[in-house]
Amino acid sequence: MAPEHSDMPVVSLRSLVKVYDTGEAPFTALKAVDLDVYSGEFVGIIGKSGSGKTTLINMITGIDHPTSGEVVVGGTPVHALGENALAKWRGRTVGVVFQFFQLLPTLTVLENVLLPMDFCSTYPLRERVPRAMDLLERVELADQAHKLPATLSGGQQQRAAIARAMANDPPIIAADEPTGNLDSKTAEAVFGMFERLVEQRKTIIMVTHDNDLAGRVRRALHVADGEIVEERIHRERHMG
Amino acid sequence: MSPRWRKVVRDLSLHWFRTVLVVLSIVIGIFAVGVMLGGREILLREFDADHAASIPANVTYRTDDFGDDLVARAGDEPWVSAAQARRSATFRYRRDGADEKRTITLEAFREFDDISVAKVVPAGKDGWPPANGEVVLESSALQVTGYAVGDVLSVERADGEIVELTVAGFAHDINSMPAQFAGYETGYVSFETMTSLGESDSYNRLSLTLADEGISWAAASRFAIDLRERLFEPEGLRVYHTEVPEPGSHFLGDIFSALSLLLVALGGLSLGLSAFLVINTVSSLMAQQVRQVGIMKSIGGSARQLEWLYVVMVGIYGVLAVAIGLPATAAGTRWFTDFAAEILNFRVASYTTPAWVVVVEVAVGLAVPLLAAAVPIRRGTRMSVVTALNATGVGGKHFGHTVVDRALGMIRGLPRPVALSLRNTFLRKGRLALTLSTLVLASGVVMAVWSVQASIERTISDLETWWNYDAEVDFAVPLDAASVEAAVEDVDGVAASETWPVFGATVVHADGSENESFVIVGLDPDTDFVGPTLVEGRWLTGEGPDGIVINTDARDSEPSFSVGSTVTLRVLGQERSWPIVGVVRGQMGGPAIYCDAGLMAEAAGIPGVTRLLVRGEDSDAESEQALLTDVEERLSEAGLQASATRTRADLAGQLREWLGILVAFLVLMAALIATVGVIGLTGTMSINVMESTREIGVMRATGAQHGAIYRIYVTEGATVGAIAWFFGALASYPLSTTLVRALEGAIGMPLTYAFSWSGVFTWLALMLAISSAASLAPAFRASRVSVRDAIAYE
C-alpha cells in the first residue's frame, strides 16, 4: 500500500515540554512529546479537559512557546522564531480555527476573511475580494458576506472562521475544538468541510473531545497527562 | 480601504459610546489646560494693552487750583511728552431718592475728545461728552449696582445744597480704581457742571507722561520733585500729593500676579490631571482590545502592524478631540476672559490665543494620548498570542494572589453583593491605580481650593478685627478735633468716638527721589478703636520717644522699610527721621504708617483732624448704616462737611471684593478640575462595567435581578470614590499650604491658613454621589443586554 504522505513530515515535534507557572506548584502540560505529521493527513488530537491537547496544538501554531524541545513546521524552526516572525509565518503557513470562532466583531464576514491577506500581503489587491468571496462561496456564506459576525449563527461564524483560515491558502489548518460550540448537524457540516480540505491535500490537525469525530479522522492521537498515550490509524475511510 | 483600517473606523463608530468617552476625556483635558493657560495669556496681554493704550501718567500732581498757562509750561518741558489737566472733586450723593448716601469722585476735562494722558474712553456715543447737568459714570459703577442712563444723582455741594445730575452714559477708565474696590464711584462732568457744584473753573490735578519711555522710577521721581519745585512753588501753589507709580505698573498688579500664579498652578495641575485621565482611558481601551490583538496575531498580524493600527486609532481620538476641543476652548477662554475683564474693569480688544498655547492644546490632544497609549499599545501588541487570547483586562486574572485580595477574602459577614463589589474593585488593580491617580489628584486639588478659599475667608475675618468701630467719616480739610467730637457725642446710638489726623506722607530717599504712596495716621497708642495684628516688631507704646509702625502694604511698596531701620518722612512739609518699630497686617487699603498723634504734632504740627471714628451700640450692617446716616446729618448741621464715609461693613465689603476676585477664580477653576475628575471617573466606571458585561450575564443567568446588579456596581463606584476622597484629602493639605504660601507672595500679604473640613466632607458627599451615579448609568445599560448577548460579549 502506497503511503498517503511524503517522507518529510510537515510538522515535527521533538522532546516537546511545556511547563506553566501557576503561582503555586509548576504544572507540566506537555512531557517530552515527539510527533510527526505528514502533508495531507487529517490528524485528530483527542483527550479530556486539561490533558494537554490544546497546549499541543498551540505549540504547532506558534500561539504558545515550548519550555524546551523543538517545533519544526514546513521546515521552519517555529520554537526559535520571535513574535513578529511567528505572526508572519503563521499567517502564510497555518490557518487557525478556534472553538469560539474569534471573528473580529467590528468587521463584516468578508472583511474578516480579507484580513489575513491584508496582514501578509499574499495576494494582489484586486484579487483579494474575489478570492475571499470564492472562499465564502465554498463555505456557503457568500450571501452573508457583508454582515457583522454577531448577526450570524454559531455554525455560520465557524464556517466564516474556516474561510478566514483558508484566506492565505496555508498548507496546514489547525483547529482547536472547532465543533465544540456547535450542534451536531452544524458540527457535521464543519467536519465535512475539513474532509474536503484534506481531499485538496491540506493538512488538518484538529483538537476534539468528540470520540465520534475522532473515529472519522485518518489518524487519532490520544493525549493524557501531557503525553501521547495512544495512536490509531483509520485507513479504510480515507482509502475509500 | 483595507480591512484593518476598516476595523479602526468600525471600532470608533460601532463603539460610539466608548469613542465619546475617550474623546470627551481628551477634550476636557484640552479645555482645562487651554482655558487656564490661554485665559492667563490673554488677560495679561489685553490688560497691558488696554493700560498702555490709556497712556498712563508717569507723574500726577494734586495741587491748589491752576490754569492753562501752567499746563502749557509743563508740556514744554523737554522731559515731558504730554501734559493733561483736570479738576477732580469728591462729593456725597443719593441715587434716585435712595436713603443711603454714597461717595462719588467727579472729574472735569476741558476737551473730552482730546484727553492725552490717562485716557477715558466712552462706552458709546450717547452722552459723550457730558453736557451741563449730566454725568458719565465710569463703567465699574455697574459692578456695584445697576445704574442706567437717565438715573438722577442728587449730589451734595460743600455748602449742603443739592444739585441733580442725570446719568448720560458710561465710560471706561482703566486708571480709575474700580468702584467695587474703591467704595466710591467715579464720574465725568463738564466744567460747567463742576462749577455748578461749587467748584472753581480751574484745574487741581496735572498728569504728565515722560518722553523717556524706559525711565526708571527713581529718575521719574527726581524729575517730578524738580518740576514741582520749578513749576508750582514759584506760583505759591501747594502740591498735596505727587504720585509717581512704578513705570508700567497698575494698582491691580498684585491681584494680577496672584491670578496669574493661580492660573499657571492650576493649568499645570490640569495638564497632569488630563494626562492621567487620558492614560487611564487609553489603557482601558487597550485592555479591551487585547483579545482582538491575539486573534489578529493568530491570523498573521505582526506586532508592528498592530501597533500602527492602535496608534492610528488613538491618533483619530486625538484629532477628533482637537477638532472639538480647540473651538470649545476658544469659546471657554473667551467667556473666562470676559468674566475676568468685567471684574477687573478692562477692555479686551482681541481674544486671540497665543500660538504656543494652541500648540500646548494640540499636544494635549494628540501627543499626550499617543504617549499615554505608547506603553499599553506596546505591551498589548507584544503579548504572546496565548496570553492575549486568554486576557481578562488589566491585571484581572491574578485576583486572589495578593495580600489585599486575601484580606478582602477574609472579610466575613458582608452581604454577598457588597463582598462582590469590594472584590471587583480590586480585581483590576492596574486600572484601579490609574483611576485612583486621576481621582486623587482631582479630589486633592478641589479640596485644596476649598482650603484656600477658607484661608481667604479666615484672613478676611482676621482683618476685620482691625476695625473696632462701626463707621468712619473723612473730611476734605483738617477740622478741630473737639468740634467734631462735640458734634456727634449726643447722637443716638454713639457709644464712643475718636478723631485721627490722617495726612499724606512722603518717604525721602538719600538719592533725592521720593515715595509719596503713604498716609500717616496719628492715633493714641492705647486706642481700642483698632486691633492691630502684628507681623513683626511691636505696636506703639506711647512711652518715651517712639517710632512708627507700618502696615504690610507699606512694607511691600517701599524697599527701605524694615523693622529697625530709620526712614525720613515728610509730613505737612516737615521732614523727620523715624525708627520703624513694627509691622502690622494691612487691610488691602493701601500703604499706611501709624504713629503717636502727640509725636506727630511735635514733628509736623497738626492743623486738625481729618477722620472721625464712631462706635455704636449695635454692630450689624443696618445699625452701622443708620448710625452713619445720623452722624453725617449731625456733622452737616454743624457745618462739618464729610468728603467720604464708610461703615465697617463697607470696609469689610471692599476687602471681600478684592480677595473675592481670587475666590471667584478659584471656585471656577476648582469646578473645571472637578469636571475633569468626574468625567474621568464616569469613563472608567463605564469601561469597567462594559468589561463586566459577561459577568453581569452570568449573574443574571444565576438569578440576579436588576436591583442586585445596580447595587454591586454602585457600591464598586462608591468604594473607588471613597478611596480617592481619602487620599485626596491627605494630598489636599500640602497642596493647599503650597497654594496659600504662593498667593501670599503674589498679593504681598500674609494669609491665615485654614484647612476646610467642611470642604473635605462636602467633597466626600459629592464624590459618593458622583461615583455612584457614574456607575449607575453603565450598569443600567449593561443590565438591559440579554443574558445570551451578555455572555457572548466581546
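Keep in mind the model is a prediction, meaning the values are calculated, not measured.

Asks: What is the right way to look at the overall build of chain B in this model?
Replies: When its secondary structure is counted, chain B shows 23 helices and 21 strands. Its C-alpha atoms give chain B principal-axis dimensions of roughly 100 × 55 × 55 Å. Taking all 794 residues of chain B together, 50% fall into the buried category. Sequence separation of at least 24 residues holds for 84% of the intrachain contacts in chain B that already meet a minimum separation of 6.

Asks: What's the story with unusual backbone geometry in this structure? I'm lost.
Replies: For residues other than glycine, phi is negative in most cases, and the peptide bonds are mostly trans. With an omega dihedral of -5°, the bond running from B:Trp128 to B:Pro129 counts as a cis peptide bond. Along the polypeptide, B:Pro129 turns up in the loop between strand E4 (121-122) and strand E5 (134-138). Even without being glycine, A:Glu140 reaches a positive phi, approximately 60°. Mapped onto the elements of the fold, A:Glu140 is located in the loop between helix H4 (125-138) and helix H5 (154-165).

Asks: How should helix H9 (residues 303-344) of chain B be read in this particular structure?
Replies: Residues that lie three or four places apart on an α-helix share one face, since the helix turns once every 3.6 residues. Approximately 25° is the largest bend angle found in H9(B), and it occurs at B:Gly325, with the proline B:Pro327 only one to four residues beyond. Trailing H9(B) by a residue or two, B:Asn345 shows a phi angle of about 60°, which is positive.

Asks: Looking at this model, I keep getting lost on the pairing of strand E7 (residues 162-172) of chain B. Mind explaining?
Replies: Strand residues, when the strand is regular, have side chains that alternate between the two faces of the sheet. Residues and elements named next belong to chain B. Where E4 lies against E7, two bridges are found, and the strand directions are antiparallel. By the bridge assignment, Pro122 is partnered in E7 with Ala171. Where E5 meets E7, five bridges bridge the pair, whose relative direction is parallel. Each residue of the ladder has a partner; that of Val135, found in E7, is Val167. With five bridges joining them, strand E6 (residues 152-156) and E7 adopt antiparallel strand pairing. Residue pairing across strands places Val152 opposite Thr166, the latter belonging to E7. Hairpin remark: E6 followed by E7, antiparallel, with five residues in the connecting loop; positive phi at Gly160, about 90°.

Asks: Explanation requested: the domain arrangement of chain B in the structure shown.
Replies: Many analyses report the size of an interface as the accessible area lost when the parts associate. Residue and element names in this part refer to chain B. Domain boundaries in chain B define domain 1 (1-56 + 255-393), domain 2 (62-243), domain 3 (397-465 + 654-794) and domain 4 (471-653). The partner domain 4 presents 13 residues to the 13 residues of domain 3 that form the contact. Those elements giving two or more residues to the side of domain 3 that touches domain 4 turn out to be helix H14 (429-464) and helix H19 (648-691). Here the residues of the side of domain 3 that touches domain 4 sort into six nonpolar, three polar and four charged.

Asks: I would appreciate a short explanation of the pairing of E5(B) in the present structure.
Replies: Residue and element names in this part refer to chain B. Where burial is concerned, most of E5 is hidden: five out of the five residues are buried. The sheet contact formed by E5 and strand E8 (residues 185-189) spans two bridges and is antiparallel. Paired with Leu137 across the bridge in E8 is Gly187.

Asks: Explain the confidence of the model for chain B here, please?
Replies: Detailed reading of the predicted model is not advised wherever pLDDT is low. Residues and elements named next belong to chain B. Mean pLDDT for chain B: 83, with 92% of residues reaching 70 or above. Here residues 393-397 scores under 50 on pLDDT; set against residues more than four positions off or in separate chains, the count is 14 contacts. Here the complex is predicted with pTM 0.73, and the ipTM for its interfaces comes to 0.81.

Asks: Would you take a moment to explain the interface of chain A and chain B for this structure?
Replies: In this assembly, 27 residues from chain A lie in contact with 25 residues from chain B. Listing elements by their share of the side of chain A that touches chain B, those giving two or more residues are helix H2 (83-93) and helix H3 (109-120) of chain A.

Asks: Is there a simple way to think about the sheet that holds strand E2 (residues 27-38) of chain A in this case?
Replies: Across a sheet, strands are paired by hydrogen bonds formed along the backbone, either parallel or antiparallel in direction. Residues and elements named next belong to chain A. Across the sheet, four strands lie side by side as E2-E1-E4-E5; this open sheet has antiparallel pairing. Of all the strands in the sheet, the pair left with one neighbour each is E2 and strand E5 (76-77). As defined by bridge partners, strand E4 (residues 68-73) adjoins E5 across two bridges and the pair is classed as antiparallel. Bridge assignment links Val73 to a residue of E5, and that residue is Thr76. Set on the sheet, helix H1 (residues 53-61) makes contact with strand E1 (9-20), E2 and E4; between it and E1 the angle comes to about 125°.

Asks: What should I look at first to understand the sheet that holds strand E21 (residues 642-647) of chain B in this one?
Replies: All names here are of chain B. A sheet is described by the order of its strands in space; here four strands give the open sequence E12-E20-E11-E21, paired in antiparallel fashion. At either margin of the open sheet sits one strand with a lone partner, and together these are strand E12 (494-500) and E21. Strand after strand, the sheet turns through a mean of 20° between neighbouring axes, direction not considered. Pairing of strand E11 (residues 471-479) with strand E20 (residues 609-616) involves five bridges; the strand directions are antiparallel. In the strand pairing of E20, Val473 is matched with Leu612. Set on the sheet, helix H15 (residues 481-488) makes contact with E11, E12 and E20; between it and E12 the angle comes to about 165°. Those strands touched by helix H18 (residues 621-637) are E11, E12, E20 and E21, and its axis lies near 160° from that of E21.

Asks: Could you clarify how one ought to interpret the packing of H3(A) against H5(A) in this entry?
Replies: Pairs of packed helices are described in terms of their axes, by the angle between the two and the distance that separates them. Residues and elements named next belong to chain A. Axis separation between H3 and H5 bottoms out at 8 Å; the angle between their running directions is 25°. Accordingly, the angle class assigned to the pair H3 and H5 is roughly parallel. Two packed elements cross with a definite hand, and for H3 against H5 that hand is right-handed. On H5, the residues touching Val109, Asn112, Val113 and Pro116 of H3 are Ala160, Ala163 and Arg164.

Asks: Got a minute to help me understand the environment of B:Asp526 in this structure?
Replies: Relative to the helices and strands, B:Asp526 is located in the loop between strand E14 (514-523) and strand E15 (534-537). Taking the C-alpha atoms as reference points, B:Asp526 and B:Pro734, separated by 208 residues in sequence, lie 40 Å from one another.

Asks: Before we go on, may I ask you to explain H1(A) in this structure?
Replies: Residues and elements named next belong to chain A. For H1, the tally of buried residues reaches nine of nine residues, placing the bulk of the element in the interior. Regarding H1, the residues found buried are Lys53, Thr54, Thr55, Leu56, Ile57, Asn58, Met59, Ile60 and Thr61. Downstream of H1 by one or two residues, Gly62 has phi in the positive range, about 75°.

Asks: I tried to follow the packing of helix H8 (residues 253-298) of chain B against H9(B) on my own but got confused; where do I start?
Replies: Residue and element names in this part refer to chain B. Relative to each other, H8 and H9 sit at 145°, their axes nearing to 11 Å. In this structure, H8 meets H9 at a crossing whose hand is right-handed. Contacts from Val282, Met286, Val293, Met296 and Lys297 in H8 reach Leu306, Tyr310 and Val314 in H9. Residues that form the contact of H8 with H9 fall into these classes: seven nonpolar, no polar and one charged.

Rules and cut-offs
Residues numbered from 1 in each chain as written. Chains lettered and ligands numbered in written order. Predicted model: local features only at pLDDT ≥ 70, side-chain atom pairs only at ≥ 80, totals over all residues. Helix = DSSP H or I, 4+ residues; strand = E, 2+ residues; numbered from the N terminus. Buried ≥ 20, exposed ≤ 12 C-beta atoms within 10 Å, placed from the backbone. Contact = placed C-beta atoms within 7 Å. Bend = angle between axes of the 7 residues up to and from the residue. Pairing = 2+ DSSP bridges. Domains from an automatic or database assignment. Nonpolar A, V, L, I, M, F, W, Y, C, P; charged D, E, K, R; others polar. pLDDT = per-residue confidence, 0-100. Axes fitted to C-alpha atoms, helices over the stretch in contact; angles between N-to-C directions. Parallel < 35°, antiparallel > 145°, perpendicular 65-115°, else oblique. Left-handed = near helix turned anticlockwise from the far one by under 90°.

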